[in-house]
Amino acid sequence: FNSIGEEAALSLVSIFKEKDRMQSVGLASCDLGVDGAKAVADYVSVSGSLTSIGEGGLDLRGNLFREEGWGAIISAVCGSTTSQIASIDASGQDIGPAGAKLIAEALRTSFNASLTSLSTAFNNISGDGAVVPPTGTGVTEVEATIAGTK
């Protein structure tokens, strides 16, 4: 975890996007908000070098993305034919039913052939907000948590 802040983190994201060589990027707890998530979404939509979002890949834990931000990031991955991201760990990121619906729609319309695993465990997803992998998307594993308990 670091405390470089949103402005510095976004500068790094811009450079990473330009160079597209990074396989592991630690941006955990950088105070990135929804605008930061949108910049990250722009980066992951064109990156061919990243293979995962979560620990060991593009580590975004502990930021302030909430539903709209995570929806943008997952939509960017799902909407990309360039992305090589196979797994996304969005567990414990304060995603509720509205965010789960954004994620489900992104999965339903996904073009990404690489994405096979998505974790939304330990969020506030319940009932109609549960994330279920739509048939034919290539996503074979979705781990969701009902009402924040696994």
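Definitions and limits used
- Residues numbered from 1 in each chain as written.
- Predicted model: local features only at pLDDT ≥ 70, side-chain atom pairs only at ≥ 80, totals over all residues.
- Heavy atoms only, no water.
- Helix = DSSP H or I, 4+ residues; strand = E, 2+ residues; numbered from the N terminus.
- Buried < 20%, exposed > 50% of the residue type's maximum accessible area, 1.4 Å probe, protein only.
- Contact = heavy atoms within 4.5 Å.
- Areas by Shrake-Rupley, 256 points an atom, 1.4 Å probe, with all protein chains shown as cover.
- Core = buried A, V, L, I, M, F, W, Y, C linked by side-chain atoms within 4.5 Å.
- Salt bridge = Lys/Arg side-chain N within 4 Å of Asp/Glu carboxyl O.
- Right-handed = clockwise from strand over helix to strand, strands pointing away.
- Patch = residues over 30% accessible without salt bridge, like charges linked within 9 Å, V, L, I, M, F, W, Y side chains within 5 Å.

Q: Explain the overall build of the chain to me, please; I cannot follow it from the model alone.
A: Counting its secondary structure elements, the chain contains four helices and six strands. Along the chain, from the amino end to the carboxyl end, the secondary structure elements read α-β-α-β-β-α-β-α-β-β. When burial is assessed residue by residue, the chain has 44% of its 150 residues classed as buried. Residue pairs at least 24 apart in sequence account for 77% of intrachain contacts in the chain once pairs closer than 6 positions are excluded. Counting only carbon and sulfur atoms, one obtains 50% of the accessible surface of the chain, whose full area is about 7,000 Å².

Q: Sorry, what's going on with the nonpolar core here?
A: In a soluble, globular protein the nonpolar side chains are often hidden away together inside. Core analysis: the biggest nonpolar cluster contains 34 residues, and Val 44, Ile 53, Leu 58, Leu 60, Trp 70, Ile 73 and Ile 88 have the highest contact counts within it. Among the elements of the structure, α1 (5-19), α2 (34-46), α3 (66-78), α4 (97-108) and β5 (117-125) are those that each provide at least two residues to this core. The greatest single-element share of this core, amounting to six residues, is contributed by α3.

Q: What should I look at first to understand the pattern of salt bridges in this one?
A: Oppositely charged side chains can form a pair if their charged atoms are brought close together. Inspection of every chain in the model, using the stated rule, returns six salt bridges. Here Lys 17 ties to Asp 42 by a salt bridge, and the two come within 2.5 Å at their closest N and O atoms. Of this pair, Lys 17 sits in helix α1 while Asp 42 sits in helix α2, and the two are 25 residues apart along the sequence. Given a relative accessible area of 34%, Lys 17 falls into the partly exposed group. Across the pair Glu 68 and Lys 38 runs a salt bridge, and its minimum N-O distance is 3.2 Å. Of this pair, Glu 68 sits in helix α3 while Lys 38 sits in helix α2, placing them 30 residues apart in sequence.

Q: Looking at this model, I keep getting lost on the pairing of β5. Mind explaining?
A: Every other side chain in a regular strand lies on the same face of the sheet, so the side chains alternate between the two faces. Of all nine residues in β5, seven are buried, a share of seventy percent or more. Taken together, strand β4 (residues 87-89), α4 and β5 form a β-α-β motif whose crossover is right-handed.

Q: What is the right way to read the side chain of Asp 59 from this model?
A: Looking at where Asp 59 falls in the secondary structure, it is placed in strand β3 (residues 58-59). Setting aside chain neighbours within four positions, we find Asp 59 in contact with Val 25, Gly 26, Leu 27, Ala 28 and Gly 54.

Q: Before we go on, may I ask you to explain a nonpolar patch on the surface in this structure?
A: On the surface, Ile 4, Leu 12 and Ile 15 cluster together into a nonpolar patch covering about 230 Å² of accessible area. By secondary structure assignment, the location of Ile 4 is in the segment before α1.

Q: Sorry, what's going on with unusual backbone geometry here?
A: Even without being a glycine, Arg 66 presents a positive backbone phi close to 55°. Here Arg 66 shows up in helix α3. Here the phi dihedral of Asp 94 falls at roughly 65°; this positive angle occurs in a residue that is not glycine. Secondary-structure assignment places Asp 94 in the loop between β4 and α4. Residue Asp 94 is classed as partly exposed on the basis of its relative accessible area of 35%.

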